[in-house]
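# Residue-level structure breakdown
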There are 2 protein chains.
Amino acid sequence: MSLDEKATKPHDRLALALSEDMAAVNALIRDRMASEHAPRIPEITAHLVEAGGKRLRPMLTLAAARIFGYEGPFHVHLAATVEFIHTATLLHDDVVDESKQRRGRPTANLLWDNKSSVLVGDYLLARAFQLMTDTNNIRVLAILANASAVISEGEVLQLSAAQDLATDEAIYLQVIRGKTAALFSAATEVGGVIAGASEAQVKALFEFGDALGVAFQMVDDLLDYGGASETIGKNVGDDFREGKITLPVIKAVAAADAEERAFWVRVIEKGKQEDGDLEQALGLMAKHGALEATKAAALEWAAKAKAALAELPAHELRDMLADLTDYVVARLR
Amino acid sequence: MSLDEKATKPHDRLALALSEDMAAVNALIRDRMASEHAPRIPEITAHLVEAGGKRLRPMLTLAAARIFGYEGPFHVHLAATVEFIHTATLLHDDVVDESKQRRGRPTANLLWDNKSSVLVGDYLLARAFQLMTDTNNIRVLAILANASAVISEGEVLQLSAAQDLATDEAIYLQVIRGKTAALFSAATEVGGVIAGASEAQVKALFEFGDALGVAFQMVDDLLDYGGASETIGKNVGDDFREGKITLPVIKAVAAADAEERAFWVRVIEKGKQEDGDLEQALGLMAKHGALEATKAAALEWAAKAKAALAELPAHELRDMLADLTDYVVARLR
């Protein structure tokens, strides 16, 4: 059986097609996360970077550049930049969420301490900006700096929206654009910019990344209420227990009668949860078709992502990105 | 009495000479710290930015640019960038140090929470990088990104050196270069770069900022063991109680006999402090001339800073920077 046949998942096929570039990205990441003076930095970053996330974001950058025939070295820098920003965000998120596990391993804030997580996250962000300056391209710097601002804005918004039942779909969309879609769209956009794509094509790349990111996060939020066909590294009900207002909750609350609303106020706003509340929440979601409606929204965003792809030149990697988009929502089956 | 006569402190004279530029910096800071979507962001940043720090770092950038006759708009962007990076660092520091007061006011982590401090710090960093891209100058971006990396590296190093009596003067210098001097030197360097100063002059600006930052931090560390001629917003013995290894401690430990060493191990490494320990520490420092030696080191760095200034063109602002340098160490009198 050839490697090609083994790689049946779209993500793996993409990784195979980009394997040479990804090897360069990984080498650059290892090189730049080192610190001569503070040995604790590589300890922590290695823990996180080597834990082997899916490297989805850097692959988006590489694919976007390659679709336009880019042959220069800087798509590798930008891909590493994107992964650094992502990793810094994870470190700070774990502090903010007081998480104990990520990708099946104890989080850095648990193994070391919150202080180290904050500072090493800062270090990775600074390293990300250093990497970008290597490209000598101000526009990609502006795009990624803007994405960084939108990411933290989204996280702050999520924090103030937490446990607030007034959170509506517009605020939810803003939050997930920040926490997920902003880096997806910046990742695809800078790939096109560095490769000299036209303005219309750069716009299409942005729209693809944005819509893929929104669909991705909606699926993630949906999987938190079950329906996972595979291990996703989180437990059903985590968001519920934390009082996070995600789309399934918003849709169930919007359709709630007075009694149901009192339930949501107690479990989400007041955070007073008892045994059986998750089951009760799932029952209300089923009653009002909240999970189905969330799934429909995710499928709609996936369709938008694929429509944007159609604006790009025909390319094997473009087709793989389309397959990847299908796969993201297929996790729901 | 004219304004000029009133402004007797070098810092105030500098602020007066740069008042128009500083007004533009403050306006830009207020404009860019806003967030359309997350109202908690301006609440927190206003708390910190409006608290009225001395704005020393942005003034360094403005002065450096003006000494070279810069008339463009971007020294203002760079000065605001420097203040944003500084403010982000303060927010994250307060989380790391678990501080309760800064500049005589409760810290953001106390008024809001650690989560907000982490995320709003990230937001300010991202905004800082956005501001920089406005200048369209890759070199200043590289300098400030590098400074950001050195800052967080220094903070991580300080964290792992804390309570470790093996910390020597070389490590101490690395730590304070990171926590203080890196932003001072980047602030002066980018002012010269944007103004088109020669390589030799840019180097002199870097060396001035670096030496001023080192002297500034040594004085700060010394004032923590008394000798303050004015309010410095911290209490004598804070560093001691936190087990921070600063130059006075390093010098006293280096000269300690076995009995004294046991004292330092108990109070710093083991963190077991009793009433009278601060007085005991001060006694040992006096015995070994540790405070005098620290003062001599600070004076030496101040002299280095002034020597670097001599490489710059004659200018009223250059003389003010020299006076400022004298004033920084004169706080010791």
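What counts, and where the lines are drawn
- Residues numbered from 1 in each chain as written.
- Chains lettered and ligands numbered in written order.
- Predicted model: local features only at pLDDT ≥ 70, side-chain atom pairs only at ≥ 80, totals over all residues.
- Heavy atoms only, no water.
- UniProt positions renumbered as here; feature names shortened; annotations may be inferred.
- Helix = DSSP H or I, 4+ residues; strand = E, 2+ residues; numbered from the N terminus.
- Buried < 20%, exposed > 50% of the residue type's maximum accessible area, 1.4 Å probe, protein only.
- Areas by Shrake-Rupley, 256 points an atom, 1.4 Å probe, with all protein chains shown as cover.
- Arc of directions from axis to C-beta.
- Contact = heavy atoms within 4.5 Å.
- Core = buried A, V, L, I, M, F, W, Y, C linked by side-chain atoms within 4.5 Å.
- Buried area = accessible area lost by both parts, 1.4 Å probe.
- Salt bridge = Lys/Arg side-chain N within 4 Å of Asp/Glu carboxyl O.
- Polar contact = N/O pair within 3.5 Å; in protein donor to acceptor, adjacent residues only side chain to side chain.
- Nonpolar A, V, L, I, M, F, W, Y, C, P; charged D, E, K, R; others polar.
- Expected span 1.5 Å × (residues − 1).
- Least-squares fit on C-alpha atoms with pLDDT ≥ 70 in both.
- pLDDT = per-residue confidence, 0-100.
- Phe/Tyr/Trp six-rings, centres within 6.5 Å; stacked < 30°, edge-to-face > 60°.

The name an unreviewed UniProt entry gives chain A is Octaprenyl diphosphate synthase, with Rhodobacter xanthinilyticus as the organism. The UniProt entry for chain A carries the following text under Catalytic activity (unreviewed entry): "5 isopentenyl diphosphate + (2E,6E)-farnesyl diphosphate = all-trans-octaprenyl diphosphate + 5 diphosphate".

This paragraph deals with the overall build of chain A. Scanning chain A from N- to C-terminus turns up 17 helices and two strands. For chain A, the residues scored as buried account for 57% of the 333 residues in total. Accessible surface for chain A amounts to roughly 13,100 Å². Of this, 50% is attributable to carbon and sulfur atoms.

A word on helix H15 (residues 277-287) of chain A. Residues and elements named next belong to chain A. Within the span of H15, buried status applies to Asp277, Leu278, Ala281, Leu284 and Met285. For H15, the buried positions fall inside an angular range of 120° around the axis, keeping them on one side. Exposed side chains of H15 directed beyond 90 degrees from the buried face belong to Glu279, Ala286 and Lys287. On its buried face, H15 sits against helix H12 (238-242), helix H13 (247-254), helix H14 (258-269) and helix H16 (290-309). Downstream of H15 by one or two residues, Gly289 has phi in the positive range, about 65°.

Let us now look at unusual backbone geometry. At A:Gln163, a residue that is not glycine, the phi angle is positive and equals roughly 65°. Along the chain, A:Gln163 falls in the loop between helix H9 (138-161) and helix H10 (169-194). The phi dihedral of B:Asn136 is positive, around 60°, even though this residue is not glycine. Tracing the backbone shows B:Asn136 in the loop between helix H8 (114-133) and helix H9 (138-161).

Residue and element names in this part refer to chain B. Tracing the chain through its elements places Gln158 in helix H9. On the basis of relative accessible area, Gln158 is assigned to the buried category, the value being 17%. Here Gln158 is in contact with Val175, Lys179 and Lys244, once residues within four sequence places are set aside.

Moving on, we get to the nonpolar core. Counting residues in each nonpolar core, the largest one holds 231 residues, and the members touching the most others are A:Trp264 and B:Trp264. B:Trp264 has contacts with B:Leu165, B:Phe240, B:Val249, B:Ala252, B:Val253, B:Ala256, B:Glu269, B:Ala281, B:Leu284 and B:Met285, leaving out every residue within four places of it along the chain.

The next subject is the interface of chain A and chain B. Taken together, the 41 residues of chain A in the interface contact 41 residues of chain B. For the chain A and chain B pair, buried surface summed over both sides reaches about 3,700 Å², with 74% attributable to carbon and sulfur atoms. Broken down residue by residue, the surface that chain A buries against chain B is led by A:Leu119, A:Ile138 and A:Glu153, which jointly contribute 17%. Scanning the region where chain A abuts chain B turns up zero salt bridges. At the boundary of chain A and chain B, one finds six residue pairs in polar contact (both at pLDDT 80 or more). Broken down by secondary-structure element, the contributors of at least two residues to the side of chain A that touches chain B are helix H4 (40-49), helix H6 (74-97), helix H8 (114-133) and H9 of chain A. Among the elements that line the side of chain A that touches chain B, the one with the most residues is H9(A), at 14 residues. Here the side of chain A that touches chain B is built from residues that sort into 19 nonpolar, 13 polar and nine charged.

All right, on to the side chain of B:His92 then. Here B:His92 shows up in helix H6 (residues 74-97). Take B:His92: its relative accessible area is 1%, and that puts it in the buried class. Here the side chain of B:His92 touches A:Asp122 through a polar contact of 2.7 Å, side chain to side chain. Residues contacting B:His92, with those up to four places away along its chain left out, are A:His92, A:Val118, A:Asp122, B:Ser117, B:Val118, B:Gly121 and B:Asp122.

All names here are of chain B. Taking 1.5 Å as the rise per residue, H9 with 24 residues should run 34 Å; its terminal C-alpha atoms sit 34 Å apart, in good agreement. The buried fraction of H9 amounts to 19 of the 24 residues, a majority that puts the element mostly inside the structure. Between the side-chain oxygen at the start of H9 and the backbone nitrogen of Arg139 there is a gap of 3.0 Å, and the oxygen is on Asn137.

Turning our eyes to something else, we now look at the relation of the copies chain A and chain B. Taken as rigid bodies, chain A and chain B are interconverted by a rotation of 180° and an axial shift of 0.0 Å, the fit giving an RMSD of 0.0 Å. Here the transformation between the copies is reduced to the relation of a two-fold axis. When you check the interface residues of chain A against chain B, 100% turn up at the interface there too, and the contact is symmetric in its surfaces.

Here the focus is the confidence of the model for chain A. Low-pLDDT portions of the prediction should not be read for the details of their coordinates. Confidence in the prediction for chain A averages 89 pLDDT; 89% of positions are at 70 or higher. Low confidence marks residues 228-232 of chain A, where pLDDT is under 50. Its contacts with residues over four positions away, or in another chain, come to eight contacts.

Take the packing of aromatic side chains next. Enumeration over the complete set of coordinates arrives at five aromatic pairs over all chains. Arranged with centres 5.2 Å apart and planes meeting at 70°, the rings of A:Phe263 and A:Trp264 form a pair that is edge-to-face. Neither A:Phe263 nor A:Trp264 differs from the other in exposure class; each is buried. For the pair B:Phe184 and B:Phe216, a centre-to-centre distance of 5.4 Å together with 45° between the ring planes defines the contact as tilted.

Looking now at the environment of A:Val120. Structurally, the position occupied by A:Val120 is in helix H8. The spatial distance from the C-alpha of A:Val120 to the C-alpha of A:Thr87 is 9.9 Å, given a sequence separation of 33 residues. Setting aside residues up to four positions removed in sequence, A:Val120 forms contacts with A:Ile41, A:Ile44, A:Thr45, A:Leu91 and B:Val156.

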